[in-house]
Amino acid sequence: MAKWERTLGEELQQLKREGRYRPLTVWASGSSTRMELDGRSVLQMSSNNYLGLTDHPELIQAAIEATRQYGVGSGSVRTITGTLAIHEQLELELARFKGTEAALVFQSGFTTNQGVLASILGPDDVVISDELNHASIIDGIRLTKAHRKIYAHKDMGQLETALKESAAYGKRIVVTDGVFSMDGDIAPLPAIVELAERYDAFVYVDDAHASGVLGKNGKGTTDHFGLHGRVHIQVGTLSKAVGVVGGYVACDQILKDYLIHKARPFLFSTSQTPAVAASCLAAIRVLEQSGELIGKLWDNAAYFRSQVQALGFDTGASETPIVPVIVGNPAETMRFSDLLLQEGVFAQGIVYPTVAMDKGRVRFIVTARHTREELDYAVQALGKCRAALSQD
Ligand SMILES: *Cc1c(COP(=O)(O)O)cnc(C)c1O
């Protein structure tokens, strides 16, 4: 083994000692509420497939038809020969869905944040970011020379201080997740918008966990709070509730035109495959009629959270279908997750450094497809595993 590989190996050993080494879990079936793992059917409570759209017949049909019509690959980046009619149609309908002038689609939510933040932030600008924002926002900011200010999670006092201190900069941009993925809480967007307006700043919201979940028909946090026209940049993902893969920014036409010329993942990475673009488009059409499905999602989330709380578990700040069960230290958290799997329930353990050392949690994500029986089973398994854990 070469020396440089030995040092990698040592780091991996360190992860193993800390109980943070995780081999990949390989599933024998596609995303669903029940999935096959090692020959066993497991209740899935960790996927972002909030509405069960990953195997929706209309999405599958759209993917097959687009593949027949256009082939499996787009053949190029968007700016050369990789903008097919299906890409343009998706952007038109996404903008209409979001109620914005325009929308621009990227290969993923991750590259959307990288592409947008890196394009719009210059060395004279300042970006003001919630401390719990997603890794792709952090990386997007790192790609720029802009000044950075971080405010404590949802702390509007600190945000105001940061805005006050930012008067001398060129652009001021406040960036926040719409729904925070580790805690399942919602950003205080009305307060953020008011402060931004008072201090002449732009608002940028990343709605990855809100796309297809929050707002009418899943239009996102801006719609949920009735803030249309006051949030300048809305990023969303097509990879979670929308059920496929991809990301987008919903914005004014001028920003879209600018990004087409500046955003590096857009310029230098091949566009979505025809099947992906077509199934995203079909998903947006399904969302337009998704009132009942989204109602079911929120009913299931409220039911599960109340049942878990009734057992005395701490669900933290959860107010969405993301329901963390706070366990404590990393080793105990991972053990809890392992015990749940023995009971046939998959819920991901999330530990330091993703969350604070004493805030390790098993994160449940409730979907519209879960039945009451399945949710009851998971709650009962939680109780059983807590009893087993206390006997360790
Ligand atoms: C998941 C997530 C992303 C990345 O989206 P992908 O489409 O999976 O790349 C970006 N931002 C937030 C807040 C997310 O939760």
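Reading the values: the criteria
- Residues numbered from 1 in each chain as written.
- Predicted model: local features only at pLDDT ≥ 70, side-chain atom pairs only at ≥ 80, totals over all residues.
- Heavy atoms only, no water.
- Near = heavy atom within 4 Å.
- Polar contact = N/O pair within 3.5 Å; in protein donor to acceptor, adjacent residues only side chain to side chain.
- Areas by Shrake-Rupley, 256 points an atom, 1.4 Å probe, with all protein chains shown as cover.
- Helix = DSSP H or I, 4+ residues; strand = E, 2+ residues; numbered from the N terminus.
- Nonpolar A, V, L, I, M, F, W, Y, C, P; charged D, E, K, R; others polar.
- UniProt positions renumbered as here; feature names shortened; annotations may be inferred.
- Domains from an automatic or database assignment.
- Contact = heavy atoms within 4.5 Å.
- Buried area = accessible area lost by both parts, 1.4 Å probe.
- Pairing = 2+ DSSP bridges.
- Axes fitted to C-alpha atoms, helices over the stretch in contact; angles between N-to-C directions.
- Expected span 1.5 Å × (residues − 1).
- Buried < 20%, exposed > 50% of the residue type's maximum accessible area, 1.4 Å probe, protein only.
- 1 Å grid on protein atoms, 1.4 Å probe; cavity = no way out; pocket = protein on both sides within 12 Å on 5 of 7 lines; lining within 4 Å.
- Points joined across faces, edges and corners; volume = space filled by probe spheres on them.

**Student:** Teacher, can you tell me more about the site of the ligand here?
**Tutor:** Neighbouring the ligand are 14 residues; Gly109, Asp206, Thr237, Ser239 and Lys240 lie closest to it. Within the side chain of histidine 209, an N or O atom sits 3.3 Å from an oxygen atom of the ligand. Computed on the free molecule, the ligand has an accessible area of 380 Å², of which 87% lies beneath the protein chains in the complex. Tallying contributions element by element places helix H4 (residues 109-120) first for the shell around the ligand, with three residues. Within the shell around the ligand, the residues separate by chemical class into two nonpolar, nine polar and three charged.

**Student:** What is the right way to look at the UniProt feature "domain: Aminotransferase class I/classII large" (unreviewed entry) in the protein in this model?
**Tutor:** Here, UniProt's "domain: Aminotransferase class I/classII large" (unreviewed entry) annotation points to residues 42-382. Counting secondary structure, residues 42-382 comes out at 42% helix and 17% strand; the distance between its end C-alpha atoms is 15 Å.

**Student:** Any chance you could explain the domain arrangement of the protein here in plain terms?
**Tutor:** A common measure of how large an interface is: the accessible area buried when the components associate. If you check the domain split of the protein, you get domain 1 (19-51 + 291-391) and domain 2 (55-287). Domain 1 and domain 2 are separated by 27 Å when their C-alpha centres are compared. Taken together, the contact between domain 1 and domain 2 spans 21 residues of the former and 19 residues of the latter. Counting each side, the surface lost to burial between domain 1 and domain 2 is near 1700 Å², with a carbon and sulfur contribution of 57%.

**Student:** Any chance you could explain the sheet that holds strand S5 (residues 147-151) here in plain terms?
**Tutor:** The strands that make up a sheet are held in pairs by hydrogen bonds between backbone atoms, and each pair lies either parallel or antiparallel. Read across the open sheet, the seven strands follow the order S3-S9-S8-S7-S6-S4-S5; overall the sheet is mixed. Each edge of the open sheet carries a strand with a single partner, namely strand S3 (102-106) and S5. Sheet twist, expressed as the average angle between the axes of neighbouring strands with direction ignored, equals 20°. Relative to strand S6 (residues 172-177), strand S4 (residues 126-130) runs parallel, the two being bridged by four bridges. In the sheet register, isoleucine 128 faces S6, and the bridge partner there is valine 174.

**Student:** Help me out: how do you make sense of helix H13 (residues 330-342) in this one?
**Tutor:** An α-helical turn contains 3.6 residues, so a residue and the one three or four places further along point in the same direction. Relative to the 18 Å expected for 13 residues at 1.5 Å per residue, H13 spans 19 Å between its end C-alpha atoms, a close match to the ideal helical length. By the burial criterion, the buried members of H13 are Pro330, Thr333, Met334, Phe336, Ser337, Leu339 and Leu340. Buried residues in H13 make contact with strand S10 (322-328), strand S11 (345-346), strand S12 (348-350), strand S13 (360-365) and helix H14 (372-390). Here H13 starts with a cap whose side-chain oxygen sits 3.1 Å from the backbone nitrogen of alanine 331, and that cap is asparagine 329. Positive phi appears at glycine 344, one or two residues downstream of H13, with a value of about 90°.

**Student:** Even after reading the chapter, I still don't get unusual backbone geometry, so can you show me in this structure?
**Tutor:** Excluding glycine, most residues fall at negative phi; most peptide bonds, likewise, are trans. Residue proline 353 is reached from tyrosine 352 by a cis peptide bond, and omega for that bond is 10°. Tracing the chain through its elements places proline 353 in the loop between S12 and S13. Its identity as a non-glycine residue notwithstanding, aspartate 38 has a phi of 50°, on the positive side. The topology assignment puts aspartate 38 in the loop between strand S1 (34-37) and strand S2 (40-44). Notably, aspartate 200 is not glycine yet its phi reads approximately 55°, a positive angle. Looking at the secondary structure, you find aspartate 200 in the loop between helix H7 (189-198) and strand S7 (202-206).

**Student:** Any chance you could explain the layout of surface pockets here in plain terms?
**Tutor:** Rolled over the atoms, a probe as big as a water molecule pinpoints where empty space is left. Looking at the largest pocket, its volume works out to about 430 Å³. If you go around the largest pocket, you meet 21 residues; those closest to its centre are Ser46, Gln348, Gly349, Ile350 and Arg363. Ranked by the residues each element gives to the lining of the largest pocket, the list is headed by S12, at three residues. When its residues are assigned to classes, the lining of the largest pocket shows nine nonpolar, nine polar and three charged. Taken together, domain 1 (19-51 + 291-391) and domain 2 (55-287) each give at least three residues to the lining of the largest pocket, which thus spans both.

**Student:** Explain the sheet that holds S1 to me, please; I cannot follow it from the model alone.
**Tutor:** Spatial ordering of the open sheet is given by S1-S2-S11, a layout of three strands whose pairing is mixed. Since the sheet does not close on itself, it has two edges, and those belong to S1 and S11, each with one partner. Pairing of S2 with S11, which is carried by two bridges, proceeds in the parallel orientation. When the bridges of S11 are listed, glutamine 44 appears paired with phenylalanine 346.

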